[in-house]
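Below are the chains, spelled out letter by letter.
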Amino acid sequence: MFAAAIFTHVRLRSDISALLPTGRTATTRFMLQEVQSGVAASLVLIGLESAPPAALAATSDRMTETLRRRGLFTFADNGRDLVSEADQQRLFRSRYLLSPATTAAAFEVPALRQDFQNLLDELQSSASPLVQQFGLPDPTGAFPALLSLAGGSQHAAIRDGVWFAPDQNRALLVARLRGDSSSLAVQDAALHAIDQAFDTARQGTSGLRLLVSGPAVFARDAAHAIRADVIRLSVMSALLVAGLLVWRFRNPLVIAAIAVPLVLSTAVAALAVQLVFGFLHGITLGFGMTMLGVTVDYPVLLIGHRKRGEAPAGTWARIGRAFTLAVATAALGLSGMAFARFPGLAQLGVFSIAGVLTAAAATRFILPRLIVAADLAPVWAGDPRRLDGIERLRHGRLWALLPVAVAALGLVLLGGPRWQHDLNALSPVPAASLALDAKLRAELGAPDVGEVLVVQGATAEAVLQREEALRPALDRLTRDGVIQGAQDAASLLPSAALQRARQQALPDAATLSARVAEAAQGLPFTPQAFDPFKADVAAARAATPLGPADIINPALAAQLGALLVHRDGTWIGIIAPRTVTSSARFVAAFAGHPDITVLDVSAEMRGLVAGYTRQALPWLGAGAAAALIALLVVLRDFWRVARVIGAIGASLLVTVALLTAFGIRLSLIHVVALQFVAGVGLDYALFFARTQLDAEERSRTFRTLITCNAMALLTFGLLYTCQTPLLRMIGETVAIGVVTSLVFAFFFVGPRPARITRTDAI
């Protein structure tokens, strides 16, 4: 009840941005936030294939219409009717301010003459109704040029009125999620709606395939993959561990004894994180419960050392000091995580410390009554004196230094452990999904968000003007093949200054009338044919320039919102190039401009992770130092402390060496897993070092630690079978680490057979 009450009040979040570093500069923080949870993160790319083009186009139309009605998307488009009739009228009235086709030369007599002749040809074609509606009021073609910007796709072909891939084998759609695109509930609802819309729109067309990609798809699939892995492995490991414990203790109540501290520690740890950070992240909960795996050993250590019929005080008299020291040093060792500046690591540190202390308290003060009532105690088969043969191996303990020396030499020859700072390498997204996303993105002409220019200004007008000033440089880079064009806000919404300049390029009423009359001489147009044209030009000359709030067309506004953002009193413009072929030349082209930042998002993320890893390691070292000081203060024997630390250090060294030899690059995830290994190794070492005056007690300790080790292997070894990289990293690290921890604790810490009656141990 207590745990359930806590979890009903804990605010659980799933967006990964809450755990990631915030960035080293204001620009970086902004870009990371946009990439993680901004407008760009809400993009969903959709493809339809494996059917004739006509069937693909018809399905695309039906599917787009269904998605628009669902209300889960800010817009859904397939290239047809991107602009509604009402939006068309608004954009049509503003065409001369917004369109790049508005130039002084376009209103000279030669240009008007050519436009009028083109109109005559089009009036004799099947497009005559559209020409009469739009062509006569807009002979210069300002509106079509404006609509091409609203379309947003420069690579997709148009067939049967909808977007197709250039090879015309795939129909294309684009949608943007409404609401918080980092919310798993929003992702699930929207992507389920896409599946339903496809099933409805296909109308029995056989072989038709749906392709869906984008950040929201990746996040949803990753969340479900991790959840599936965790549920499957939790059930499997729980059954295996339960079977092991029931076999060892011959009493199913041992499961309840272990569950009590684990449930209480998880609930209190969640509450502690909620109080400190204001929320608990789902990843913290999952990883934290992994870290709390060490606390499963606590009740096993108590039960495993109890003699049947013995009062709790008797058991605690023999193991209490070692148990308390193990808990205290484990908490101190984890304290460095709580003070690390990496948000995810800090949450995990608070969760782990609170959980360890709670589990220890529950084991010490709550479990004894249950253990006595059920008379839980180990049931060991065989003669305890058989342990003598195993203990004789300690005569050759110096040989245990050989793998340590080999590991150290191997690391030196390999150049030390290799670090992985690229978050993409840790991504649970399959390579095939990433390849599909790249293909759809290229076919739709979506920009490369890997490298961008960031322009800052006090006002939107300042940002737009600065982007317009950069256009010649971007055009040169495009001509030189450094980039393949770029998207920026100023292309969609010209600055007020440019809009006023375009107004100045428009001739006054008398001049335009004279030019129209001259250009139309000899052509079969009525005198009134171009009156709407002249009236619209006159209205444009007197119009007020448009700002960001005036762009209400969903497609155009969504594109503009991704490229021009107002945050914390500052306007920020993003210029996103397509396919940067030379990063060095791209960066050099904009060097020396203090108001422009060339940002490589992927490189920045790698730098952030590397920097925060370097900052976290000293804090982790400080926690280890605190644990060492506690050992020295309590044990007051440098040699015994050295043996305990030596056993843990040897285990960590061999584990890191093996991971490096297998070609595995270490990440912060491995560091967290090694923290767990150190905690487990500390338990093993301290219990091997404690007072063990007879063969029965030594056998009890040895078998109990073997049981704890088997539980760790059953729990974490299964993680290596996961498809999720993060879980697999934990599994491979802990599986190696717990085995080496037990081996080195046995050889380095346990007394030699000739000295097993000493009473100066813990």
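Just so you know, these numbers come straight off a predicted model, no measurement behind them.

**Quick word on the overall build of the protein**
Within the protein, the secondary structure is distributed over 31 helices and 13 strands. By the burial criterion, 51% of the 762 residues in the protein qualify as buried. Put simply, 83% of the contacts in the protein that link residues at least 6 apart link residues at least 24 apart. As displayed, the protein has an accessible area near 32,500 Å², and 62% of this comes from carbon and sulfur atoms.

**Focus on the environment of R500**
Relative to the helices and strands, R500 resides in helix α22 (residues 496-505). Overall, the relative accessible area of 43% leaves R500 in the partly exposed class. Sequence separation between R500 and A540 is 40 residues, and the spatial gap between their C-alpha atoms is 9.8 Å.

**With respect to helix α3 (residues 53-70)**
If you check α3, its first and last C-alpha atoms are 26 Å apart, about what 18 residues at 1.5 Å a residue would give, namely 26 Å. Within the span of α3, buried status applies to L56, A57, T59, S60, M63, T64, T66 and L67. Where α3 ends, the next residue or the one after it, G71, has phi of about 75°, a positive value.

**Some thoughts on the nonpolar core**
Formed by 88 residues in total, the largest nonpolar core has its most connected members in L245, Y298, F688, M711, V734, F748 and V749. The leading source of residues in this core is helix α29 (residues 668-689), at 15 residues. One finds L453, L477, L546 and F590 within the second-largest nonpolar core, a separate group that totals 34 residues.

**Let's talk about the pattern of salt bridges**
Close approach of charged atoms lets side chains of opposite charge pair. One pass over the full model with this rule turns up 13 salt bridges. Between D138 and R95 there is a salt bridge; the shortest N-O distance is 3.5 Å. One end of the pair, D138, is in the loop between α7 (128-135) and α8 (142-151); the other, R95, is in helix α5 (residues 95-98), with 43 residues separating them in the sequence. Using a relative accessible area of 5% as the deciding quantity, one classes D138 as buried. Exposure remark for R95: the relative accessible area of 0% places this residue in the buried category.

**Things to note about the packing of α3 against helix α9 (residues 184-202)**
At a minimum axis distance of 8 Å, the contact between α3 and α9 shows a crossing angle of 140°. By the angle class used here, α3 and α9 are oblique. For α3 against α9, the interelement crossing comes out right-handed. In contact with T59, R62, M63, T66, L67 and R70 of α3, α9 contributes A193, I194, Q196, A197, F198, A201 and R202. Along the lines of polarity and charge, the residues of the contact of α3 with α9 split into 7 nonpolar, 3 polar and 3 charged.

**Some remarks on the confidence of the model for the protein**
With 78% of its residues at a pLDDT of 70 or more, the protein shows a mean pLDDT of 79. Taken element by element, the protein is modelled with least confidence in helix α2 (residues 26-37), mean pLDDT 59, and with most confidence in α22, mean pLDDT 93. Every residue in residues 757-761 is under pLDDT 50, and counting partners more than four places away or in other chains gives 10 contacts.

**Brief notes about helix α11 (residues 253-277)**
Look at α11: 37 Å from first C-alpha to last across 25 residues, which is about the 36 Å you get at 1.5 Å a residue. For α11, the complete set of buried residues consists of V254, A257, I258, P261, S265, T266, A267, A269, A270, A272, V273 and Q274. Immediately downstream of α11, the backbone of G278 shows phi near 90°, a positive value.

**Details of the side chain of T102**
Examined against the element boundaries, T102 turns out to sit in the loop between α5 and α6 (109-123). Overall, T102 belongs to the buried group, its relative accessible area being 6%. Contacts of T102, omitting those with residues within four sequence positions, involve R95, Y96, F107, A142, R502 and L506.

**Some details on the packing of aromatic side chains**
The tally for this structure, following the rule as stated, stands at 14 aromatic pairs. Centre to centre, the rings of F92 and F143 are 5.1 Å apart; their planes meet at 85°, and the pair counts as edge-to-face. Of this pair, F92 sits in helix α4 (residues 85-93) while F143 sits in helix α8, and the two are 51 residues apart along the sequence. Summarising the burial analysis for this pair, F92 and F143 share the class buried. Aromatic rings pair up to connect F688, F702, F746 and F747 into one cluster.

Each value, and the rule that gives it
Every chain's residues receive numbers from 1 upward, in the order its sequence appears when written. The model is predicted, so local features are restricted to residues of pLDDT at least 70 and side-chain atom pairs to those at 80 or more, both for listing and for counting; the totals for chains, interfaces and linings are taken over all residues. The side-chain numbers reported here are obtained from all heavy atoms of the structure, hydrogens and water having been left aside. A helix here means a DSSP run of H or I that spans at least four residues, while a strand means a run of E at least two residues long, and both kinds are numbered starting from the N terminus. Throughout, exposure labels follow a simple rule: accessible area from a 1.4 Å probe, protein chains only, divided by the maximum for the residue type, with under 20% read as buried, over 50% as exposed, and the rest as partly exposed. For this analysis, residues touch if any pair of their heavy atoms sits within 4.5 Å. The method behind every accessible area is Shrake-Rupley, applied with a 1.4 Å probe, and residues are considered shielded solely by the protein chains displayed. To estimate how far a helix should extend, the number of its residues minus one is multiplied by 1.5 Å. Note on terminology: a nonpolar core comprises buried Ala, Val, Leu, Ile, Met, Phe, Trp, Tyr and Cys residues joined through side-chain atoms within 4.5 Å. Whenever a carboxyl oxygen of Asp or Glu lies within 4 Å of a side-chain nitrogen of Lys or Arg, that contact is scored as a salt bridge. Between the N-to-C directions of two axes lies an angle of 0 to 180 degrees, each axis being a line fitted to C-alpha atoms and, for a helix, fitted only over the stretch in contact. Orientation labels follow simple angle bins: below 35 degrees gives roughly parallel, above 145 gives roughly antiparallel, 65 to 115 gives roughly perpendicular, and whatever is left gives oblique. Handedness of a helix crossing follows the sense of rotation of the near helix relative to the far helix, less than a right angle counterclockwise being left-handed and clockwise being right-handed. Amino acids outside the nonpolar list (Ala, Val, Leu, Ile, Met, Phe, Trp, Tyr, Cys, Pro) and the charged list (Asp, Glu, Lys, Arg) are all regarded as polar, and Gly is one of them. One confidence number per residue, pLDDT, is output by the predictor and ranges from 0 to 100. Each pair of aromatic rings taken from Phe, Tyr and Trp, with Trp reduced to its six-membered ring, is defined by centres within 6.5 Å and is described as stacked if the planes are under 30 degrees apart, edge-to-face if over 60, and tilted in the remaining cases.

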